Structures are given as structure tokens and as C-alpha cells.
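Single-letter residue listing:
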Amino acid sequence: MNQRRVAVIGGGAAGMMAAVFGAKKGDAVTVFEKNAKIGRKLYITGKGRCNLTNCCDAKTVIENVPTNGRFLYSALRRFSPEDTMRFFEENGLSLKVERGNRVFPVSDKAADVVDTLLKAAKQEGVRIVFRQVQDVMIENGAVKGVLVGGKMLPFDKVIIASGGCSYPKTGSTGDGYRFAETAGHTIIPLTPSLVPLETVEMIDREASGLLLKNIGLTVQDTAKGNKTIYTDFGELQLMHYGVSGAVILSASAHIKEIISGRYRLLLDLKPALSEEKLNARLLREIGNRKKENVFSLMRSLLPEVMIPLMLRITQVSKEKGCSEITKEERMKILCCLKALPLTVSAARPIEEAIVTSGGVCVKEIDPKTMGSKLCRGLYFAGEVIDVDAYTGGFNLQCAFATGVLAGEG
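Small disclaimer: the values here were computed from a predicted structure and weren't measured.

Asks: Please provide a residue-by-residue account of the overall build of the chain, values included.
Replies: Each helix and strand in the chain was counted, giving 12 helices and 21 strands. Considered along the principal axes of its C-alpha atoms, the chain spans approximately 90 × 40 × 35 Å. Relative to its 409 residues, the chain shows a buried fraction of 55%. Counting every atom, the chain has about 18100 Å² of accessible surface; 49% of that belongs to carbon and sulfur. Here the chain contributes 55 positively and 44 negatively charged side chains, and the mean placements of these two sets differ by 1 Å.

Asks: Pulling in residues and values, what's your account of the side chain of His 185?
Replies: Mapped onto the elements, His 185 comes out in the loop between α6 (175–182) and β11 (187–193). Side-chain polar atoms of His 185 contact the side chain of Glu 364, separated by 3.1 Å. Reaching out from His 185, the side chain makes a polar contact with the side chain of Ser 372 at a distance of 2.6 Å. If we ignore the near neighbours within four places in the chain, the residues touching His 185 are Ala 180, Val 360, Glu 364, Ser 372, Lys 373, Leu 374, Leu 378 and Phe 380.

Asks: Tell me about the environment of Ile 203, and name the residues and values.
Replies: You can see Ile 203 is positioned in the loop between β12 (197–199) and β13 (211–221). Expressed as a C-alpha distance, the spacing of Ile 203 and Tyr 241, which sit 38 residues apart in the sequence, is 6.7 Å. When residues no more than four places from it in sequence are discounted, the contact partners of Ile 203 are Leu 238, Met 239, His 240, Gly 242 and Leu 309.

Asks: Tell me about the pattern of salt bridges, and name the residues and values.
Replies: Under the counting rule described, the total for this entry stands at 24 salt bridges. Here Glu 98 ties to Lys 96 by a salt bridge, and the two come within 3.3 Å at their closest N and O atoms. By relative accessible area, Glu 98 is classed as partly exposed at 29%. Arg 289 is the partner of Glu 292 in a salt bridge, and the nearest nitrogen-oxygen pair spans 3.1 Å. Beyond isolated ion pairs, a larger network of salt bridges with shared partners links Arg 49, Lys 96, Glu 98 and Asp 108.

Asks: Tell me about the pairing of strand β14 (residues 227–239), and please be specific about residues and values.
Replies: Where β13 lies against β14, nine bridges are found, and the strand directions are antiparallel. Note that in β14 the partner of Val 219 across the bridge is Tyr 230. Counting the residues between successive antiparallel strands, the hairpin from β13 to β14 contains five residues, one of them, Gly 225, with a positive phi of roughly 65°. Connecting β14 to the antiparallel partner strand β15 (residues 242–244) that follows it, the hairpin turn spans two residues.

Asks: Let's hear about helix α11 (residues 327–338): which residues, and what values?
Replies: Taking 1.5 Å of rise per residue, the 12 residues of α11 would be expected to cover 16 Å, and the 16 Å separating its terminal C-alpha atoms lies within 8% of that figure. Within α11, the full set of buried residues consists of Glu 329, Arg 330, Ile 333, Leu 334, Cys 336, Leu 337 and Lys 338.

Asks: I'd love a proper account of the nonpolar core, names of residues and values included.
Replies: By size, the foremost hydrophobic cluster in this structure holds 82 residues, and its most contacted members are Leu 52, Phe 88 and Val 158. For Val 158, the residues in contact, after removing those within four places along its chain, are Ala 7, Ile 9, Val 136, Val 143, Gly 145, Val 146, Gly 377, Leu 378 and Tyr 379.

Asks: Which residues make up the sheet that holds strand β5 (residues 102–105), and what values go with them?
Replies: With antiparallel pairing, three strands are arranged side by side in an open sheet as β3-β5-β4. Single-partner strands in this sheet number two, and they are β3 (53–54) and β4 (95–98).

Asks: So what's going on with unusual backbone geometry? Residues and values would help.
Replies: Keep in mind that most residues, glycine aside, have a negative phi and that most peptide bonds are trans. The phi dihedral of Asn 214 is positive, around 55°, even though this residue is not glycine. Tracing the backbone through its elements, the reader meets Asn 214 in strand β13. For Asn 214, a relative accessible area of 47% puts it in the partly exposed group. Not every positive phi belongs to a glycine, and Asn 226 is a case in point at roughly 60°.

Asks: Explain the packing of helix α10 (residues 307–314) against α11 to me, and be specific about the residues and the numbers.
Replies: Where α10 contacts α11, the two axes come as close as 10 Å, and the packing angle between them is 125°. Considered as vectors, α10 and α11 are oriented oblique to each other. Considering only the axes of α10 and α11, their crossing is right-handed. The residues of α11 that touch α10, namely those facing Met 310, Ile 313 and Thr 314, are Lys 332, Ile 333, Cys 336 and Leu 337.

Asks: Go over the packing of aromatic side chains with me, naming the residues and quoting the values.
Replies: The relation between two aromatic rings is expressed through the spacing of the ring centres and the mutual angle of the planes. In total, this model carries five aromatic pairs according to the counting rule given. Ring geometry for Phe 21 against Phe 87: centres 5.8 Å apart, planes inclined by 40°, an arrangement best described as tilted. Pair noted here: Phe 21 is in helix α1 (residues 13–24) and Phe 87 is in helix α4 (residues 81–90), with a separation of 66 residues, a long-range link. Per residue, the accessibility class of Phe 21 equals that of Phe 87, and both read buried.

Asks: Tell me about α10, and please be specific about residues and values.
Replies: Of all the positions in α10, only Ile 307, Leu 309, Met 310, Leu 311 and Thr 314 are classed as buried. Packed against the buried residues of α10 are α9 (294–299), α11 and β17 (340–347). Following α10 by one or two positions, Gln 315 adopts a phi angle in the positive range, close to 60°.

Asks: Can you break down the side chain of Lys 157 residue by residue, with the values?
Replies: Mapped onto the secondary structure, Lys 157 falls in strand β10 (residues 157–160). The buried charged residue Lys 157 lacks any salt bridge partner; its closest oppositely charged side chain belongs to Asp 27, at an N-O distance of 4.5 Å. In terms of polar contacts, Lys 157 uses its side chain to reach the backbone carbonyl oxygen of Ala 406, at 2.8 Å.

What counts, and at which threshold
Residues numbered from 1 in each chain as written. Predicted model: local features only at pLDDT ≥ 70, side-chain atom pairs only at ≥ 80, totals over all residues. Heavy atoms only, no water. Helix = DSSP H or I, 4+ residues; strand = E, 2+ residues; numbered from the N terminus. Buried < 20%, exposed > 50% of the residue type's maximum accessible area, 1.4 Å probe, protein only. Areas by Shrake-Rupley, 256 points an atom, 1.4 Å probe, with all protein chains shown as cover. Lys, Arg positive; Asp, Glu negative; His and termini not counted. Charge placed at Lys NZ, Arg CZ, Asp CG, Glu CD. Polar contact = N/O pair within 3.5 Å; in protein donor to acceptor, adjacent residues only side chain to side chain. Contact = heavy atoms within 4.5 Å. Salt bridge = Lys/Arg side-chain N within 4 Å of Asp/Glu carboxyl O. Pairing = 2+ DSSP bridges. Expected span 1.5 Å × (residues − 1). Core = buried A, V, L, I, M, F, W, Y, C linked by side-chain atoms within 4.5 Å. Axes fitted to C-alpha atoms, helices over the stretch in contact; angles between N-to-C directions. Parallel < 35°, antiparallel > 145°, perpendicular 65-115°, else oblique. Left-handed = near helix turned anticlockwise from the far one by under 90°. Phe/Tyr/Trp six-rings, centres within 6.5 Å; stacked < 30°, edge-to-face > 60°.

Dropping the structure here:
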């Protein structure tokens, strides 16, 4: 029996997994990677530690995929988080589970995840070519090969796993969308997901970069009567343009069709204290600082670089004596400590997003194989598909699972 010749476009998480499992099935697999090394985006995930999956069941993964999660049912049934963990451990990578069931290599090195994928690929005889695919060649509704360096290379099957448009310096420049369109596929408009947010309120230069731990976050949609659309608890970072950090990245996946002023972020800066207890503390601090001013009071409650922002929002003068603070002003301070309001003006550019929302329409892909319904021999895996998840290892799990199905398709 002749081996099928398979080209995988992209040497990232999805592409390498597709290559490994395609080769396991007996295919002659060639990975085309336009960078000088594979897994460029993997190196920077999880702040260089690589949160490679989440220790949960397939149902939980789907619940954490807000865009087309049900499309992944077959992929996750075939290759669950447990399968991902087993794959890496059987290939020599020790793993650990941290808060939120996030799975990392024990070494805390994303490079070890990349090395493990490379090792597995080499063991299966996968060929890796560091060249850019210029186009996918299609004839009579079927794949014929790929165009590389102006030359058509024949292949029986092509897997597009070239990523989205986020972090273009890693090679995710949207090539896969162009290839898919050539084959007749619909591309759902691309938007950033898991991305920092810009705010109407000015963040002082001195406060930019300040990391706030253990912050409560509530996101309200003012277009729907201030309906709460998301809540979270964790780390938030103030930036010169607005806000970033884990809770903001997750929240951004719920914020669609941003119009300046539509979405309001409420930050609980004192989540461990009820309003009643915080009010008692405020009264106590004011009583102990009768000869001091509001700025001194704020220093007892907040990082100093945040005080100008708080004073602008509460409209209480920093020079005002503590003994002169009115009940109304105290309540303004209390409200802002429990629900500091920030107004979303825009998302940061898609180039700064962790993942791309949008991509190849899932209605045109067979969920059991990741094969194109429009072009024989064409398959998709990873971020190029219109599927995106929250932080916590879910996006990489989706990439691995769709990669396995595409490889075995």
C-alpha cells in the first residue's frame, strides 16, 4: 500500500500534533514551517512556562470555549486533556497541576514542550522543512500539493495549521485564511480575543505596569441595562492605555462589538472586606487621621500610584482634611474601593491578542475529521478555525485535539 503524502503547514502546537499522529497512521508527513524553528508561539505562552492544557474533562473544556465549543465534541472525545497529559509524559516530559487545574511542565520551561513535540515527530519519521508555503494547489475540487519557492510539490493531503493573526512576530500572519479562501471557504471576520482593553479613564504613567493581585472584576453591558456579563477574581495590571492581566484577558472573550462606553469594568479592590466592614475601616482611618488630608488617607488603602486615578473618579480633593470629609464623599470612596468604574473604549490591536477569534467557518469543516467539506484532501487544525477559548490551557488543548483529528483524518 502506498503511503499518503501529507503536508502540514505550520509547526506550532496543532501542526506538530497533526504531524505526529498522521505519521503514526503510516502517512509520509512533511511539516513546512516558515520560521527558523518550530513552536515560536509556544515559547511565549504562559509567560514562558507554557500552560499546555487543563486537568479537567472534555465537558469542562467545551464550557470554556465560548466560540463554537460544541464543534469540538468529537475532537475532545478523541483527544482529551488526559490524553494530552499522557502524550507528553510518555514522551519524557514531567508535568504538574497548579491553581485552576492549569497544567505546566515541572521545569517551568516552554522550550521543553517544544522539544518534546520535536522529539516525538522525529521518532515517527516526520520531515520538517523550514520554508514558507506560498499557496495550496487545488484542481477539480481536490488538493494537489503546495507551492514552495515557486515550485509545486505534490501532496495527497494538506493540513492548514498556520495559526491566526495574533503575535505576528511568531509567524502567525494569517496565511491560512488566504489558503482557505482559495479553496472556497468562508472566513468569519477576525477579532482579538484574550486581549488587553483600553479605557476612557486615563491611567497615570506612574501607575502603568502596576500589578494588582486578588482583584474582583465585574463586567457590565450598559446597552443591556447594565447586565452583568462576566465576573472573575485574580490578577489585573494597570497599563498606560487601560488594563491587562489574567482577569482582563478572560473577560475580553465575552466582550463583543465594542463601542466606546458600552462596557463598564467594576474593580473590587478590597474583595476580602464586605461594604460594612470596609466602611468601618474607613471611619476608623478617618478618625485616626483627623489632622491629615485625603491623600494620606488613601495611602493607607491603596498603592500610592493609584491615588490620582481614585481621586479623579471620586472627585474628592487630595488636600481636603480628613476631619472635613462628608458622608457623601466617604461613600464615594467606599463605592470606588468596592467597584472602581472603568469604561472600555476599545480592545488592543489583534497583534497583541493571545488568540484570534474568527477564522475558517466551522460549518464548512467535518468535526469528526477536521476535513474540508468543500475541498477533498484539505484539513484544518488549531487557531485558523473559528474556535477560541478562555485562558487556562484550553486554547492549546483545542489545538492539540484538532491537530490529532486532522492528522488521523
